[in-house]
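An overview of the molecular structure
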Amino acid sequence: QERLVESGGGLVQPGGSLRLSCAASRFTFSRYTMSWYRQAPGKERELVANITSTGGSTNYADSVKGRFTISRDNAKNTVYLQMNSLKPEDTAVYYCNARRPGSNTYWGQGTQVTVSS
């Protein structure tokens, strides 16, 4: 069964950094656009960033531009989200997503990121 497993979440102080990882298995990772979404309590899930299958193009939500960087390693079937200058409003469950036209969409189980002093 296809899987996405996130890791790297945790508690960090404002201004700190975290690096999330999402490891994919049992599907052709290199053919999929990969995205990070987040969902804060009481709010809808929102797109944070995405990256095309080759890594040639990235897109970011305005709220994270200049602070977050998405990247991928197709040899390791892994996508990353480097988060710097974290703010309390970045607190959320972060989800990894894989999509490709004409194929199923996959979601990870999520990893909690809490930014608090």
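Residues numbered from 1 in each chain as written. Predicted model: local features only at pLDDT ≥ 70, side-chain atom pairs only at ≥ 80, totals over all residues. Heavy atoms only, no water.

On to the pairing of strand S3 (residues 18–25). Two strands pair when backbone bridges link them, and strand S1 (residues 3–7) and S3 are joined in this way by five bridges, in the antiparallel orientation. Counted as the bridge partner of Val5 is Ala23 from S3. (Pairing = 2+ DSSP bridges. Helix = DSSP H or I, 4+ residues; strand = E, 2+ residues; numbered from the N terminus.)

Relative to the elements of secondary structure, Val12 occurs in strand S2 (residues 10–12). Residue Val12 is classed as buried on the basis of its relative accessible area of 12%. Sequence separation between Val12 and Thr91 is 79 residues, and the spatial gap between their C-alpha atoms is 9.7 Å. (Buried < 20%, exposed > 50% of the residue type's maximum accessible area, 1.4 Å probe, protein only.)

All right, on to the sheet that holds S1 then. The strand order across the open sheet formed by four strands is S1-S3-S8-S7, and the pairing between neighbours is antiparallel. In this open sheet, the two strands that pair with only one neighbour each are S1 and strand S7 (68–73). Pairwise comparison of adjacent strand axes, ignoring direction, gives a mean angle of 15° for this sheet. (Axes fitted to C-alpha atoms, helices over the stretch in contact; angles between N-to-C directions.)

Okay, the state of the cysteines next. Enumeration according to the criterion identifies one disulfide in this entry. A disulfide bridge connects Cys22 with Cys96, and the sulfur atoms are separated by 2.1 Å. Because the torsion about its S-S bond is -85°, the bridge between Cys22 and Cys96 counts as left-handed. Highlighted residues: Cys22 in strand S3 and Cys96 in strand S9 (residues 92–99), separated in sequence by 74 residues. For the pair Cys22 and Cys96, one class covers both residues: buried. (Disulfide = S-S within 2.5 Å.)

Turning next to the packing of aromatic side chains. One pass over the structure, following the stated rule, counts four aromatic pairs. Relative to Tyr32, the ring of Phe27 has its centre 4.9 Å away and its plane inclined at 70°; by these criteria the two rings are edge-to-face. Ring centres of Phe27 and Tyr106 lie 4.8 Å apart, and the angle between their planes is 40°; this geometry places the pair in the tilted category. Linking Phe27 in the loop between S3 and strand S4 (33–39) with Tyr106 in strand S10 (residues 106–107), this pair joins segments that are 79 residues apart in sequence. Taken as a pair, Phe27 and Tyr106 share a single burial class, namely buried. Through a chain of ring-to-ring contacts, three or more aromatic side chains come together here, namely Phe27, Tyr32 and Tyr106. We note Arg19 situated over the ring of Tyr80; from NZ or CZ to the ring centre the distance is 4.0 Å. Residue placement shows Arg72 over the ring face of Phe29; its charged tip is 4.4 Å from the ring centre. (Phe/Tyr/Trp six-rings, centres within 6.5 Å; stacked < 30°, edge-to-face > 60°. Lys NZ or Arg CZ within 6 Å of the ring centre and 35° of its normal.)

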